[in-house]
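Chain by chain, the residues:
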Amino acid sequence: MFGQPGTGKTLLARAIAGEAQTNFIYCTGSDFDEMFVGVGAKRVSEVFEEAKKNTPCIMFIDEVDSLLSKSRRFGSEGSSSRATINQLLAEMDGFEVNENILVIGATNHEDVLDPAAVRPGRFDKKIHVPTPDI
């Protein structure tokens, strides 16, 4: 989901989980930020393990652009950033099947997302959440 700050993207994700009567895991892109190599990738693995134990599950990553921006993967960021990104992408569509886990991301800056993150099977559906009119 993408849209301006304050449009209700997080609230909408919670409502989806409530209507689907599933477990809901909330995290932010910055939850996986770490200065030590391997810690961010380990956190990604831990969140997916929690989701697998609690299926069916919706995992919501708020401010996903802070984790999956083009500059983190291709820029001067350290290898720990790339390892975290690669772990998330591998968890989303790797060899292990993550049945009954839906991953939803929200961002205010959809134009900065890494092309690998928006390819089919990952964050491939874009839903614009406009400013409420009521």
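Figured I'd write up the structure that's included with this text. Since the model is a prediction, treat every value here as computed from it, not as a measurement.

1. Re the state of the cysteines
Then comes step 1: A complete count under the given rule lists zero disulfides for this structure.
Then comes step 2: Distance from the sulfur of cysteine 27, which forms no disulfide, to the nearest cysteine sulfur (cysteine 57) is 9.7 Å.
Then comes step 3: Cysteine 27 gets classed as buried once you look at its relative accessible area, which sits at 4%.
Then comes step 4: Judged by its relative accessible area of 2%, cysteine 57 is buried.

2. Quick notes on the sheet that holds strand 1 (residues 23–28)
Then comes step 1: The three strands lie next to each other as 1-2-3, forming an open sheet whose pairing is parallel. With partners counted over all chains shown, the strands left at the sheet margins are strand 1 and strand 3 (101–105), one partner each. Across the sheet, the axes of successive neighbouring strands diverge by a mean angle of 20°, strand direction being ignored.
Then comes step 2: Looking at chain direction, strand 1 and strand 2 (residues 57–62) are connected through six bridges and run parallel. Paired with cysteine 27 across the strands is isoleucine 61, a residue of strand 2.
Then comes step 3: Helix 1 (residues 9–20) contacts strand 1, strand 2 and strand 3 of the sheet and is inclined by roughly 175° relative to strand 2.
Then comes step 4: Running over the sheet, helix 2 (residues 39–53) touches strand 1, strand 2 and strand 3 and is turned about 155° from strand 2.

What counts, and at which threshold
Residues numbered from 1 in each chain as written. Predicted model: local features only at pLDDT ≥ 70, side-chain atom pairs only at ≥ 80, totals over all residues. Heavy atoms only, no water. Disulfide = S-S within 2.5 Å. Buried < 20%, exposed > 50% of the residue type's maximum accessible area, 1.4 Å probe, protein only. Pairing = 2+ DSSP bridges. Helix = DSSP H or I, 4+ residues; strand = E, 2+ residues; numbered from the N terminus. Axes fitted to C-alpha atoms, helices over the stretch in contact; angles between N-to-C directions. Contact = heavy atoms within 4.5 Å.

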